[in-house]
Amino acid sequence: MNMVIRNGVVLSMDSNKTVYKKGMVIITGDTISYTGREESSMIPRTSEIVDAKGGIIMPGLINTHTHIGMSLFRTLADDTADRLKKYLFPLEKKFVTPALVYQASLYSLTEMIEGGTTTFADMYYFEEKVADAAVKAGIRGILGESILNFPAPDSKEPYGGFVYTEKFMDSYSGNPLITPALAPHAPYSLDYNNLKKTAELAEKWNIPVLSHLAETPFETKQIADEFGLSPVQLYSRAGLLTPRLTAAHCIYIDDHDIDLIKHSGTGVAHNVAANLKSGRPISPALKMFDKGIPIGLGTDGPMSGNTVDIINLLGYTAKIHKLDNADRTVMPPEKVLEMATIGGARALHIDDKTGSLEAGKKADIIIVSTDSTPMFPIYDYYSAMVYCASPRDVNTVIINGKMIMQERELTTLNKNEIKTEAAKMVVKIKKQLEDY
Ligand SMILES: [Zn+2]
């Protein structure tokens, strides 16, 4: 079956950033077979025609770092000091179950799809439930069970994440949408031998690695005290700095660390809004991008961000780096949109598969409507996407060749049902929090 998207402006995000003002994309099965100018003679006779109505046809957005199982905790203890250790870890121990992760994931996925995200990288607990939700939604995911040096919701023993990952890999091997990953939580929450073990298993099992890296000041101090190294140097010594790794944050890094990341082929997830909310310094993401390091955008979890859509991040990313450099010309919209699409695919090491609209790539495509008030007039489509668009402007979402949202209607998820189930769980959480 073919699908043809026509009557729109195609931002292909290919290596020349080709824009087709009157463009068309043809999908054959799960793959793009044509991107270019609209030619009616090329439309196969038995095609489903999708009219973009003059909107923007572009690659789906990629969220390179999140924890979607946390969405039912959103707005809880926002802006509390030392939230991670005082609030988050104990809270998770008490409330996080497979059922909660599944429901919270479904809820987040509705938000993600409605905002045009077609691929996400996630690390949390009971990641198989995140995968179940992702398959139901029809979204692409690189998913890793958190590995930590203390008991977690998924395991009474420290490092239970290793056992979990092996089982998860077995149940999801060969799935076209889901790639299980190893997810060592951070340099400060695994000991050195287990960091090394993670690197060895990633090679042996041939899977990606997701981790937080160089995110907090206490992490930098702890690793310096114990090893006399920076967190990036420690990962390099442990064998983790490889083209398998996507490292989230990379805030506390110097030029030497940037060189190490660059030469290792490691990808980086830039989570600017979550970092700002935690009062952290700005990651040298622009410098890394300009040096050719694969870098994409991430929202971080819904407790940190607090939203999990990428469009809200675009303007932030442009503006914060201008402020940081006192230069309005840096981080122009083309660069930001590159990070949100093909850059994210590079950071997750799947740019051969997705991230741009090119023949041979998987059909992960969105149509962004240009009908809303702020989306007029448009002299520059990249500017419109970065500075004017809102997630609600996303009109249509296609993932792996399948229609997932058409004219704002979700085809795979029942939003009302998901919210009703989630609300029941929130009532329970609120009740238990009264004596927390
Ligand atoms: Zn995170």
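Remember, predicted model here, so these are calculated numbers, not experimental data.

Colleague: What is the right way to look at unusual backbone geometry in this model?
Modeller: One can expect most non-glycine residues to show negative phi and most peptide bonds to be in trans. The step from G305 to N306 runs through a cis peptide bond, and the omega angle for that step is 0°. Relative to the assigned elements, N306 resides in the loop between β13 (295-297) and α11 (311-325). Following F376, the chain continues into P377 via a peptide bond in cis, with omega recorded as -5°. Following the sequence through the fold, P377 ends up in the loop between β14 (365-368) and α13 (381-388). Positive phi outside glycine occurs at Y159, with the angle close to 65°. The topology assignment puts Y159 in the loop between β8 (140-147) and α4 (160-172).

Colleague: How should I be thinking about α13 in this particular structure?
Modeller: Residues three or four positions apart in an α-helix share a direction because the helix packs 3.6 residues into each turn. Of all the positions in α13, only Y381, Y382, A384, M385 and V386 are classed as buried. Buried residues belonging to α13 abut β1 (2-11), β2 (19-28), β5 (56-59), α11, α12 (333-347) and β14.

Colleague: Honestly, the packing of helix α2 (residues 98-114) against helix α14 (residues 415-433) in this entry has me stumped. Any pointers?
Modeller: Relative orientation and spacing of two packed helices are given, respectively, by the angle between their axes and the distance between those axes. Where α2 contacts α14, the axes come no closer than 9 Å and their chain directions differ by 135°. With respect to α14, the axis of α2 lies oblique. Regarding α2 and α14, the two cross each other, and that crossing is left-handed. Side by side, α2 and α14 meet where L100, Q103, A104, L106, Y107 and T110 of the first sit next to K415, I418, K419, E421, A422 and M425 of the second. Class assignment for the residues of the contact of α2 with α14 results in seven nonpolar, two polar and three charged.

Colleague: Explain the domain arrangement of the protein here, please?
Modeller: It is common to give the size of an interface as the accessible area lost on bringing the parts into contact. By domain assignment, the protein separates into domain 1 (2-59 + 354-409) and domain 2 (61-347). Placing the centre of domain 1 and that of domain 2 at their C-alpha centroids yields a distance of 28 Å. Looking at the side of domain 1 that touches domain 2, the elements that each hand over two or more residues are β14, α13, β15 (394-399) and β16 (402-406). The element contributing the most residues to the side of domain 1 that touches domain 2 is α13, with five residues.

What counts and how
Residues numbered from 1 in each chain as written. Predicted model: local features only at pLDDT ≥ 70, side-chain atom pairs only at ≥ 80, totals over all residues. Helix = DSSP H or I, 4+ residues; strand = E, 2+ residues; numbered from the N terminus. Buried ≥ 20, exposed ≤ 12 C-beta atoms within 10 Å, placed from the backbone. Contact = placed C-beta atoms within 7 Å. Axes fitted to C-alpha atoms, helices over the stretch in contact; angles between N-to-C directions. Parallel < 35°, antiparallel > 145°, perpendicular 65-115°, else oblique. Left-handed = near helix turned anticlockwise from the far one by under 90°. Nonpolar A, V, L, I, M, F, W, Y, C, P; charged D, E, K, R; others polar. Domains from an automatic or database assignment.

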